[in-house]
Amino acid sequence: MQYWINHNGVQSGPVDADGIKELALTSRAYVWHPGLSDWVKITQVPELEGLYEVVDEPATVGQPLQPQNTAPAQQPMNSQPVNTQPEGAPEPCPPTNLVWAIITTVLCCLPAGIVAIIYAMKVTSKYREGDIEGAKRASEVGAWWCIVSIILGILSMPLISLLQVSSMP
Amino acid sequence: MRRTLVIVLVIAVLLVLGFIYYALDPATSSVFPQCTFLSITGYKCPGCGSQRAIHALLNGDVKEAFGYNAMMMVAIPWIVVCLFAESQRTRRPRLYQRLNAPLLIWLFLVMVLAWWLLRNIFDW
């Protein structure tokens, strides 16, 4: 089972049970997983019991930033389980392609990998600003720069070698 | 099934490439491609010397590998840690988040650019 977490306004996920342990959550955290129609308090998810620290509950702190309506917990639960995320549910950060950016910088001679590194940085910074769409775009553009770097690197190197051999006296 | 096939293929290609780079020295052999950026501009790119460095590394000569491309030697452990974090993303979300933090990527970028500049000034 994969979970999405909103802890003190910070969203993360998807994570599994081990990941939840690592996030060092408190009972103020909110959880969503496929099958739930909306965010629930972590204390209402029995299978996660013991994976978070139980703390005193200030009235307002820990309220998730999203969804905007503040009454999901009071609403009657949707009887039909849903497998799509509710409105405003956190989306995982799109891939930064950082590994590929580094590999292409080191191995492909065209410095296109550097552009891919810049886009990797954009993905996380936009995601952290809450601009999911921007993060997705940066992720895609960055991936294209990696591909361009690899293809141009593979194509251009033999060509250059041939030119050098043919221009030798 | 398909995933296994892809993994086996990738490992096979890596083994073949590894053997080629272990057996032949790019510094003396002409079968290896030369850097396009260097050929066109006359300046080294951040990745120049990686092939010789890999050859040196596969033959156990870490010091020589550093001499050919020191940045690659820094990048290798970075790549390994990033791949590990990627595969453990749902299990260790914080490791992934920290490695992909803008500040850390920015530091790597600065390192690459500084390396690029300095190696062309001091002929590293």
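This one's a predicted model, so the numbers in the text were calculated from it and none came from an experiment.

A word on the pairing of strand β1 (residues 3–7) of chain A. Residues and elements named next belong to chain A. The buried fraction of β1 amounts to five of the five residues, a majority that puts the element mostly inside the structure. Strand direction decides the pairing type here: β1 and strand β2 (residues 10–15), joined by four bridges, are antiparallel. By the bridge assignment, asparagine 6 is partnered in β2 with glutamine 11. With antiparallel pairing between neighbouring strands as the criterion, β1 and β2 make up a hairpin whose turn holds two residues, including asparagine 8 at a positive phi of roughly 50°. The pairing of β1 with strand β3 (residues 30–32) spans three bridges and is antiparallel. In the strand pairing of β3, isoleucine 5 is matched with valine 31.

A few words on the confidence of the model for chain B. Caution applies to low-pLDDT parts of the model: their predicted coordinates are not meant to be read in detail. In the predicted model, chain B carries a mean pLDDT of 91, and 100% of its residues have values of at least 70. Prediction confidence for the complex, expressed as pTM and ipTM, is 0.70 and 0.88 respectively.

A word on the sheet that holds strand β4 (residues 40–41) of chain A. Spatially, β2-β1-β3-β4 (chain A) is the arrangement adopted by the four strands of the open sheet, whose pairing is antiparallel. Pairing within the sheet leaves two strands with one partner each, and these edge strands are β2 and β4 of chain A.

All names here are of chain A. Of all hydrophobic cores here, the largest spans 45 residues; its most connected members are Ala101, Ala116, Ile117 and Ala120. For this core, the leading source of residues is helix α3 (residues 112–128), giving nine residues. Apart from residues lying up to four places away in sequence, alanine 101 is in contact with Gly113, Ala116, Ile117, Ala120, Gly142 and Cys146. In terms of nonpolar packing, the next biggest core, distinct from the first, is built from 17 residues, Ala29, Tyr30, Val31 and Ile42 among them.

With that settled, consider α3(A). All names here are of chain A. The end-to-end C-alpha distance of α3, which contains 17 residues, comes to 25 Å, matching closely the 24 Å that a straight helix rising 1.5 Å per residue would cover. Burial within α3 is extensive, with 13 of its 17 residues counted as buried. Glycine 130 sits one or two residues past α3 and shows a positive phi near 90°.

Turning our attention to unusual backbone geometry. Backbone geometry places A:Asn97, a non-glycine residue, at a positive phi of 60°. In this structure, A:Asn97 sits in the loop between β4 and α2 (98–107). Residue A:Asn97 is classed as buried on the basis of its 25 C-beta neighbours within 10 Å. For B:Asp123, which is not glycine, the phi torsion reads 55° and is therefore positive.

So, how was this worked out
- Per chain, the residues get numbers from 1 upward, laid out in the order the sequence is written.
- Written order determines the labels here, with chains lettered from A and ligands numbered from 1.
- pLDDT decides what is reported in this predicted model: residues at 70 or higher carry local features, side-chain atom pairs at 80 or more are listed and counted, and totals for whole chains, interfaces and linings draw on all residues regardless.
- We call a residue exposed when 12 or fewer other C-beta atoms sit within 10 Å of its C-beta, buried when the count reaches 20 or more, and partly exposed for counts in between; the C-beta positions come from the backbone.
- Think of it this way: any DSSP run of H or I at least four residues long counts as a helix, any run of E at least two long counts as a strand, and we number them from the N terminus.
- At least two bridges found by DSSP between two strands is the condition for calling them paired.
- One confidence number per residue, pLDDT, is output by the predictor and ranges from 0 to 100.
- The term nonpolar core refers to a set of buried Ala, Val, Leu, Ile, Met, Phe, Trp, Tyr and Cys residues connected through C-beta atoms within 7 Å.
- Two residues qualify as a contact pair if the distance between their C-beta atoms, derived from the backbone, is within 7 Å.
- In a helix, the anticipated span is given by 1.5 Å times the number of residues less one.

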